[in-house]
Amino acid sequence: MSLRAKILTTVCFASAAVLAAFAAGGSATVIEKRSQKMMQIEMEATGHGWVDVRTDGLQVILLGTAPSEAERFRAITRASTVVDSSRIVDNTDVENSVATAPPDFSLQMLRNDDGISLIGFIPSATDRAALVSRLEAQQGVGTVTDMLETADYPEPDGWGMAVDFAVETIRTLPRAKISVDPGLVEVNAIADSPAEKTRIETSLARRRPVELKLVSEISAPRPVITPFTLRFLIDDQGARFDACSADTDRARDRILAAARDAGVKGAQGCTVGMGTPSPQWSDAVVMGLKALRELGAGTITFADADIVLAAAPDVPQATYDKVVGELESNLPDIFSLKAERQKAAEAEGTRPEFTALLDKDGKVSLRGRVTNARSRDAIESYARARFGAASVYGATRLDPDLPQGWPVRTMAALEALNTLASGSVVVTPDLVRVSGVTGDQQASDTVSRLLAKRLGEDAAISLAIQYDRRLDPVLGLPTGPECVDRLNGVLAASKVSFEPGSAVIAAAGEKTLDDLAVAMKDCQDFRMEIAGHTDSQGRDEMNLALSQERARSVLMALMERHVLTENLVAAGYGETQPIADNGTEEGREANRRIEFVLLDAKPIETEGAPLPAADATPVTEAEQHAGVTDETEVTAPEGEADAPMDTLGDDAPPMEEAPDEAGEAPAGEDAQATDPGDGAAPQAAETADGLPAAPPLDTAPDAESPAGEGENAAPAALPEQDPTIEIPVAPAEDSPAKPETRPDGLDTSE
């Protein structure tokens, strides 16, 4: 080949290469721009404007910061619909997001006869093995099944407190479901009886920590009432129930509404139970109450299907005939009515009586008449079996002319007396009268059913039974000495601290005051003294004033925490009652203290919430136990003057006299303080009882007196205490440095 041909061939190939390169570069540029433009349009159109699109040849590079990982994933998925996913290079990132919130932890404890099951989602910081061990260590729980899941998170606030409360609660509930959330515990349980239900609810409320929210739903089977009894009477004391039974809540509401129409005042209770003789029980009761209202005075007693209507002697015969006729004609068929007019009362002293007196110490005196020696032995043996052999004193006399059935009436009366804490029963030929005090809210119902069962539904009975919540074993309220021990125990664990030389309570003392307010919950019915004491540093009169101010500060702080303070009195004793050596710092610290002193072991009922209106929803048994001050007044027990005193022998022991309450100092009587002279230390005046009064609040030390360390500084001024909450008291001659135990024989009855 010639040289020219070679050159031309080379030039052609070079030109083709240049043209091919140019064409390829141009095509790549067109593809890049086209791909970038199409991708950018797609991102903008689908709401992913945060994506910045770049191209490099066939590669499409995505840049930018996505607001979330989900948004980033959606953008990449959308880009793969525009170009092949193999051409996409993902260089996007995600904004810093808030840390993932911990999950909602919860725990359920299910207990039945087979054991306890644990179900839920708990933090890994909770020691599962220790939790299971605590449950297995409880007696009688059976097998503990652990079905818990965990997550690696710390325990939320309130979790440990709620779990501890739940573990302690499940121990006392054999059939229960307890749900635990941080700061919240829900308890669902089944009780064996209404009394057990009330005990459980009271126990839960007492043990609940202040910071814990508690929701409880305790159910109990309805009691079996036999005989199914209702007794309603109208006399000079008004209309009231001696016993009330209903088969349903609706029947109870109808009966109580009819009772209000008949003149009942205030809230009334009616036991809902099983054993009704007919579904038409409420119809018959409503008719009977309406009939008694029309008569104006008398008694109506229902015992199963038997009804006894006893009209008062002064009811006109025409009215009696009309009312009885209407009632007989309209009662449901299953019920039978026996109507009678009560006889006029016989003159006092002309009828035989049998009396049994039960005092607060459990001693029983039997007086009055019995039919013969054999009957007397039977009555005394029965009383010893019921009340204890050493607690029964017999002073009865024989009377062979007593009416038939007298031994049965006396035995039934003793059985009724056994339901009371103290009281009396009086048996006459035409009446059995029971009066006294008890800690059982259903005692009146119980006695009515008992006497109706023993003596018949037509037996004439009179009940005056008073409920005393401090005798209620379900509530378990503390006595006066127990209250003082509880309060001083709180102070022993943590003192109420004050600012140096001041009556201003320091921040560290707030928790102690909160604990005192909780401890005072069931102790507000007792008269107590808040006693302030100081060490011996400083002048005597200054320490006396400072101790008084500090005691008053504690009283005002309790009032701010909604503690009823009308039974509390503040007193300062300065340095006069040391309990340790003032020569050492430890001793002085011990002497600077606040103490509670019991002034009277006899409780004084504080004023609680007003009684419900007459048309209010009936109060249930659980609601009656919920608060310690929400009680309904009941008829006070009759005096024991009706008992025949002439039946006692010469060797009969003297009966205990009722305490004389007339000697109490009248409320509102202020102690008069003497006016100190110029430059003289304030002197304590004498009250009407001859006791030293507290120094005036505005007493201050001389301005020229040097302020010492600790207790020497002048006390901070506090507002005057409202004199209406001061109550005159009669403490011991010398208030003890430490609360003393209740003296033997001190009367604690109401």
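Coordinates for the structure precede this section.
Below or above, wherever it landed, is the structure these notes cover.

Basis of the calculations
Residues numbered from 1 in each chain as written. Predicted model: local features only at pLDDT ≥ 70, side-chain atom pairs only at ≥ 80, totals over all residues. Heavy atoms only, no water. Disulfide = S-S within 2.5 Å. Helix = DSSP H or I, 4+ residues; strand = E, 2+ residues; numbered from the N terminus. Buried < 20%, exposed > 50% of the residue type's maximum accessible area, 1.4 Å probe, protein only. Pairing = 2+ DSSP bridges. Axes fitted to C-alpha atoms, helices over the stretch in contact; angles between N-to-C directions. Contact = heavy atoms within 4.5 Å. Expected span 1.5 Å × (residues − 1). Arc of directions from axis to C-beta. Salt bridge = Lys/Arg side-chain N within 4 Å of Asp/Glu carboxyl O.

A few points about the state of the cysteines
Phase 1 of the analysis: Going through the model one piece at a time under the given rule, you end up with two disulfides.
Phase 2 of the analysis: Note that Cys-244 is cross-linked by a disulfide to Cys-270, the S-S spacing being 2.0 Å. For the disulfide bridge between Cys-244 and Cys-270, the dihedral angle about the S-S bond is near -80 degrees, and by the sign convention the bridge is left-handed. Note that Cys-244 is positioned in the loop between strand E13 (238–243) and strand E14 (245–246) and Cys-270 in the loop between helix H6 (249–261) and strand E15 (271–272), a separation of 26 residues in sequence.
Phase 3 of the analysis: Here Cys-270 falls in the buried class, since its relative accessible area comes to 10%.
Phase 4 of the analysis: The disulfide that involves Cys-483 links it to Cys-523, with 2.1 Å between the sulfurs. Taking the torsion about the S-S bond as the criterion, the Cys-483 to Cys-523 disulfide, at about -90 degrees, is left-handed. With Cys-483 in helix H12 (residues 480–493) and Cys-523 in the loop between helix H13 (510–519) and strand E25 (527–533), this residue pair connects regions lying 40 residues apart in the sequence.
Phase 5 of the analysis: Accessibility expressed as a relative area gives 0% for Cys-483, which makes it buried.
Phase 6 of the analysis: Judged by its relative accessible area of 0%, Cys-523 is buried.
Phase 7 of the analysis: Cysteines bonded in the chain are numbered consecutively along the chain; their disulfide partners then correspond to 1-2, 3-4.

As for the pairing of strand E19 (residues 354–358)
Phase 1 of the analysis: Burial runs high along E19: five of the five residues are buried.
Phase 2 of the analysis: Burial of the side chains of E19 extends over both faces: Phe-354, Ala-356 and Leu-358 are buried on one face and Thr-355 and Leu-357 on the other.
Phase 3 of the analysis: Following E19, the chain reverses through five residues before pairing antiparallel with strand E20 (residues 364–370); Gly-362 in that reversal takes a positive phi of roughly 90 degrees.

Comments concerning unusual backbone geometry
Phase 1 of the analysis: Following Thr-226, the chain continues to Pro-227 via a peptide bond in cis, the omega torsion being -10 degrees.
Phase 2 of the analysis: For Pro-227, the location among the structural elements is in the loop between strand E11 (213–219) and strand E12 (229–235).
Phase 3 of the analysis: Backbone geometry places Asp-304, a non-glycine residue, at a positive phi of 55 degrees.
Phase 4 of the analysis: Among the secondary structure elements, Asp-304 is positioned in the loop between strand E16 (298–303) and strand E17 (306–311).
Phase 5 of the analysis: Positive phi outside glycine occurs at His-562, with the angle close to 65 degrees.

Description of the sheet that holds strand E21 (residues 392–398)
Phase 1 of the analysis: Strands sit in the order E21-E20-E19-E22-E23-E24 across an open sheet of six strands; the sheet is mixed. At either margin of the open sheet sits one strand with a lone partner, and together these are E21 and strand E24 (461–467). Going across the sheet, the axis of each strand differs from the next one's by a mean of 5 degrees, ignoring polarity.
Phase 2 of the analysis: Relative to E21, helix H9 (residues 373–387) is tilted by about 160 degrees, and along the sheet it contacts E19, E20 and E21.
Phase 3 of the analysis: Running over the sheet, helix H11 (residues 443–455) touches strand E23 (431–438) and E24 and is turned about 155 degrees from E24.

Let's talk about helix H8 (residues 317–330)
Phase 1 of the analysis: In this model, H8 (14 residues) spans 20 Å end to end at C-alpha, consistent with the 20 Å of a helix rising 1.5 Å per residue.
Phase 2 of the analysis: Among the residues making up H8, those that are buried are Tyr-320, Val-323, Val-324 and Leu-327. One side of H8 carries all its buried residues, which in axial view fall inside an arc of 95 degrees. The outward face of H8, more than 90 degrees from its buried face, is lined by the exposed residues Ala-318, Ser-329 and Asn-330.

A word on the pattern of salt bridges
Phase 1 of the analysis: One pass over the full model with this rule turns up 40 salt bridges.
Phase 2 of the analysis: Of the charged contacts in the structure, one is a salt bridge between Arg-231 and Asp-242, with a shortest N-O distance of 2.4 Å. With Arg-231 in strand E12 and Asp-242 in strand E13, this residue pair connects regions lying eleven residues apart in the sequence.
Phase 3 of the analysis: For Arg-231, a relative accessible area of 4% translates into the label buried.
Phase 4 of the analysis: Here Asp-242 falls in the buried class, since its relative accessible area comes to 3%.
Phase 5 of the analysis: Of the charged contacts, one joins Arg-254 and Asp-283 as a salt bridge, the two residues approaching to 2.6 Å between their closest N and O atoms. Of the two residues, Arg-254 sits in helix H6 while Asp-283 sits in helix H7 (residues 281–295), which places them 29 residues apart along the sequence.

Distances and angles like these do not, on their own, reveal function.
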